[in-house]
Amino acid sequence: MIQLFHCISARSFRPLWLLEELGLPYELHVLPFPPRVHRKDFLALNPLGTIPLLVDGQTRMSESAAMCQYLAARHSPGQLDVAVNEDAYGDYLNYLHFGEATLTFPQTLVLRYSYFEPEARRQPQVTQDYAKWFLARLKTLDARLADKPYLCAGRFTAADVSVGYALLLAQHLGLSAQFPDHVAAYWARLQERSAYQQAQAVQWQAAKEQGAPEVAAPDMRP
């Protein structure tokens, strides 16, 4: 059975959401954030000490967007995946990785230099600049969504999960009120999906049952 090591609303929410979309059985392990500090035993499983970690037989993965690509290709060819012979294949890969490299990365700097660093090391200018950087990159997304409900291939795919997590993180950071109109409507559609709602419910319930802190990772404060 697939095992997913997870912190509430961290990047590991991407594969959790996709597992729910796919209807696959899985075992969810909810850890305190950051696990490299609060669960030293986790380092034996993932020496990076980072979340997520996905274990599927002999396969071990630590990159959330790659997990989405892997799960969709393996368990949903031609549906949540986009095949190499489809015209939208390039768009699919681009937006799958756009969600992490372009939209999530700047937000991690906002988190770090607003909240996670000791007060003496916090950098208000960095947080302001990278929040603006993130919001500016949404202009491309807004234009893309002006005449389509999802990002590529005329259907919901793993690329929407990848980008959707970045929008979830922005909501935690108080940036969602500044989403342009088409992005805001897209984010509302994503949250209406039953698999998204189930993934949200599952992570909170698992944290409660496993004795993990019932606080979303982006909301943790040192």
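Engineer: Explain the nonpolar core to me, please; I cannot follow it from the model alone.
Structural biologist: Within soluble globular proteins, side chains that are nonpolar tend to cluster in buried spots. Trp17, Leu18, Leu71 and Leu141 are the most contacted members of the largest nonpolar core, which has 64 residues in total. Ranked by residues supplied to this core, first place goes to helix α6 (residues 158-172) with ten residues. Counting residues in each nonpolar core, the second largest holds nine residues, with Cys7, Leu31, Ile51 and Leu53 among its members.

Engineer: Can you walk me through the environment of Glu20 in this structure?
Structural biologist: One can find Glu20 in helix α1 (residues 13-22). Sequence separation between Glu20 and Ala212 is 192 residues, and the spatial gap between their C-alpha atoms is 21 Å.

Engineer: Can you help me understand the packing of aromatic side chains in this one?
Structural biologist: In total, this model carries ten aromatic pairs according to the counting rule given. A centroid spacing of 5.6 Å and a plane angle of 75 degrees characterise the contact between Phe13 and Tyr196, whose relative ring orientation is edge-to-face. Placement of Phe13 in helix α1 and of Tyr196 in helix α8 (residues 194-210) is noted, with a sequence separation of 183 residues between them. Plain terms: the ring middles of Trp187 and Tyr196 are 5.8 Å apart, the flat faces sit at 85 degrees to each other, and that makes the pair edge-to-face. Given a relative accessible area of 5%, Tyr196 falls into the buried group. For Arg137, the ring lying beneath its charged end belongs to Trp133, and the centroid distance is 3.9 Å. Over the ring of Phe156 we find Arg193, and its NZ or CZ is 3.6 Å from the ring centre.

Engineer: Help me understand the pairing of strand β2 (residues 26-30), please; the structure alone is not making it clear to me.
Structural biologist: Both faces of the sheet carry side chains from a regular strand, because those side chains alternate between them. By the criterion of burial, β2 is predominantly enclosed, with four of the five residues buried. Of the strand pairs in this sheet, strand β1 (residues 2-6) and β2 are connected by five bridges, and their pairing is parallel. What sits directly across from Phe5, in β2, is His29. Assessed by its sense of winding, the connection that carries the chain from β1 through α1 to β2 is right-handed.

Engineer: Looking at this structure, how should I read the pattern of salt bridges?
Structural biologist: One side chain can pair with another of opposite charge once the charged atoms of both are near each other. Inspection of every chain in the model, using the stated rule, returns nine salt bridges. Across the pair Asp41 and Arg39 runs a salt bridge whose closest N-O atoms are separated by 2.8 Å. Its salt-bridge partner being Asp147, residue Lys148 comes within 3.2 Å of it at the nearest N-O pair. Among the residues examined, Asp147 registers a relative accessible area of 64% and is labelled exposed. Taken together, the salt bridges that share partners define one network made up of Arg11, Arg14 and Glu100.

Engineer: Just checking my understanding: could you explain the sheet that holds strand β3 (residues 53-56) for this structure?
Structural biologist: The strands making up a sheet associate through hydrogen bonds between their backbones, and the pairing can be parallel or antiparallel. On the basis of which strands lie adjacent, the open sheet formed by four strands has the order β2-β1-β3-β4 and mixed pairing. Where the open sheet ends on each side, the last strands, each with one partner, are β2 and β4 (59-61). If you compare each strand with its neighbour and ignore which way they point, the axes differ by 15 degrees on average. By the bridge criterion, three bridges tie β1 to β3 in an arrangement that is antiparallel. Within β3, the residue paired with Phe5 across the bridge is Leu53. On the sheet, α1 packs against β1, β2 and β3 and is oriented at approximately 140 degrees with respect to β1. Those strands touched by helix α3 (residues 64-75) are β1, β3 and β4, and its axis lies near 25 degrees from that of β3.

How each quantity is defined
- Residues numbered from 1 in each chain as written.
- Predicted model: local features only at pLDDT ≥ 70, side-chain atom pairs only at ≥ 80, totals over all residues.
- Heavy atoms only, no water.
- Core = buried A, V, L, I, M, F, W, Y, C linked by side-chain atoms within 4.5 Å.
- Buried < 20%, exposed > 50% of the residue type's maximum accessible area, 1.4 Å probe, protein only.
- Helix = DSSP H or I, 4+ residues; strand = E, 2+ residues; numbered from the N terminus.
- Phe/Tyr/Trp six-rings, centres within 6.5 Å; stacked < 30°, edge-to-face > 60°.
- Lys NZ or Arg CZ within 6 Å of the ring centre and 35° of its normal.
- Pairing = 2+ DSSP bridges.
- Right-handed = clockwise from strand over helix to strand, strands pointing away.
- Salt bridge = Lys/Arg side-chain N within 4 Å of Asp/Glu carboxyl O.
- Axes fitted to C-alpha atoms, helices over the stretch in contact; angles between N-to-C directions.
- Contact = heavy atoms within 4.5 Å.

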